[in-house]
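Descriptive analysis of the structure
Okay, here's what each chain looks like letter by letter:
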Amino acid sequence: MPAPQDPLATLRRDHGNPDAWDPRTRGGAPHKPLVLLAVCDLAEEGKLDSPLIPFDGPVADQLADLFQVYFRALYLDRRGELLLPLWHLKSDRGSIWTLRVREGASPLESRPRSLASLVEHYRGADLSEELHARLMDKDRRDGAREVLLGTYFDPASHDALLQRSRWNVQSESYRNILVDEARSGAVRKRAGIVSASLAMPEPARSQGFRFAVLDAYGRECAACGFRVNTPLGRTIVQGAHIKPWSESKDDRISNGFCLCPTCHSCFDEGLWSVKDLAIRLSPVLELTENAPTYLAALKGRPLRQPTHSCFHPDPSNFEWHETYMFRSGPI
Ligand SMILES: [Zn+2]
């Protein structure tokens with residue numbers, strides 16, 4: 001049992017809406033404990049050298065992703081609102097979470113309406129020294145996870161959340177393998193990636209691929225340029241395979257790119273492809289009267305590629321897509 005004074009066991013949660021939260025979260029909002037579980041994962045992955053949890057940059061993006069996957073482990077049909085715990089954790093006892101105002105900015109009197117506004121005013125949140133030291137030690141970090149699970153979640157949910165913790169850490173190691181492979185230069189070690197991918201549980205593999213591709217492309221759709229973070233902190237872009245995973249078993253970043261859901265579905269259906277790094281539309285799309293106009297505007301546009309050339313897609317994958325997937329005729 002946690003010590004009574006343990007600040008992780010005394011988080012103030014919203015219990016105001018009995019219809020919103022069920023026994024899985026002991027009737028309270030799960031946002032704060034879930035974001036702290038995500039912070040535990042960051043610590044496990046070596047991302048917490050300092051007590052500052054940044055609100056922008058790669059670590060912040062990863063925190064947002066981890067928070068969402070935890071949320072979905074509990075509620076498949078709902079999305080978590082990251083802004084809420086990032087703001088409200090500052091009110092909990094023990095000063096475990098202190099917002100750090102950006103240089104030249106002023107602190108906010110009340111919760112901002114969007115994550116972007118929070119990020120504009122605050123550089124991040126400082127964990128208390130005690131909590132940071134606790135999370136940097138493996139045994140104490142595992143103990144912190146147990147406190148969060150035992151206090152805020154029904155025992156029936158523990159296995160799903162602990163399994164998600166393991167998958168998160170595995171997916172990060174897989175992401176590092178994919179990034180290292182891309183950075184290693186001209187030698188494409190496909191066999192090594194295939195064996196690593198086969199050793200991964202499917203959720204960890206697909207998450208590692210997704211995170212690697214999203215980071216490489218700066219979370220921007222490579223086709224239409226859409227880069228959306230919702231006001232409450234969710235991204236809608238996806239990691240897409242050029243040669244489908246079912247065909248290729250190839251998770252290398254050179255076989256992936258970042259797409260918004262519409263562009264992703266249309267690409268997988270062969271309604272557009274890429275030739276000479278420019279977008280080629282299928283006649284099916286061009287002849288469809290109610291096709292979104294922005295899709296028609298993509299014709300001939302250059303594909304948006306990552307800043308770092310080591311993450312660029314392999315043109316031979318697009319050639320494969322054009323040959324086997326692209327709907328070149330109207331029927
Ligand atoms: Zn798009």
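See the structure above.
Everything in this summary refers to the structure shown in the same document.

1. A word on the packing of helix H7 (residues 155-183) against helix H9 (residues 202-216)
When two helices pack together, their arrangement is captured by the angle between the axes and the distance separating the axes. It is at 7 Å that the axes of H7 and H9 come closest, and there the two elements cross at 50°. Judged by the angle between their axes, H7 and H9 are oblique. Read as a crossing pair, H7 and H9 show a hand that is right-handed. In this structure, H7 contributes Trp167, Gln170, Ser171, Glu172, Tyr174, Arg175, Leu178 and Val179 to the contact, and H9 contributes Pro203, Ala204, Arg205, Gln207, Gly208, Phe209, Phe211 and Ala212.

2. Structural notes on the nonpolar core
Counting residues in each nonpolar core, the largest one holds 41 residues, and the members touching the most others are Leu37, Ala38, Val39, Phe67 and Tyr70. Contributing elements (two or more residues each) for this core: helix H1 (31-44), helix H2 (58-74), helix H3 (83-88), helix H4 (115-121), strand S3 (122-127), helix H5 (129-136) and helix H6 (138-152). Every residue in contact with valine 39, bar those within four places of it in the chain, is listed here: Ile53 and Leu135. Core analysis: the next-biggest nonpolar cluster, separate from the first, contains 39 residues, Tyr174, Cys266, Phe267 and Leu285 among them.

3. A word on helix H11 (residues 261-268)
For H11, the complete set of buried residues consists of Cys263, Cys266 and Phe267. Buried residues of H11, seen end-on, are gathered within an arc of 100° and therefore sit on one face of the element. For H11, the elements touching its buried residues are strand S4 (238-241), strand S5 (256-259), strand S6 (272-275), helix H12 (283-286) and helix H13 (293-296). Downstream of H11 by one or two residues, glycine 270 has phi in the positive range, about 75°.

4. Here we look at the sheet that holds strand S2 (residues 97-101)
Strands sit in the order S1-S3-S2 across an open sheet of three strands; the sheet is antiparallel. Either end of the sheet is taken by a strand with one partner, and the two such strands are strand S1 (52-54) and S2. Geometrically, the sheet is characterised by an average inter-axis angle of 30° between neighbouring strands, direction not taken into account. Bridge count for S1 against S3 is three bridges, and the pairing is antiparallel. Residue isoleucine 53 lies in a different strand from S3, and its bridge partner there is alanine 125.

5. Some remarks on the pairing of S6
Residues in a regular strand project their side chains so that they alternate between the two faces of the sheet. The pairing of S6 with strand S7 (residues 278-281) spans four bridges and is antiparallel. Looking across to S7, one finds that tryptophan 272 is bridged to leucine 281.

The rules we used
Residues numbered from 1 in each chain as written. Predicted model: local features only at pLDDT ≥ 70, side-chain atom pairs only at ≥ 80, totals over all residues. Axes fitted to C-alpha atoms, helices over the stretch in contact; angles between N-to-C directions. Helix = DSSP H or I, 4+ residues; strand = E, 2+ residues; numbered from the N terminus. Parallel < 35°, antiparallel > 145°, perpendicular 65-115°, else oblique. Left-handed = near helix turned anticlockwise from the far one by under 90°. Contact = placed C-beta atoms within 7 Å. Core = buried A, V, L, I, M, F, W, Y, C linked by C-beta atoms within 7 Å. Buried ≥ 20, exposed ≤ 12 C-beta atoms within 10 Å, placed from the backbone. Arc of directions from axis to C-beta. Pairing = 2+ DSSP bridges.

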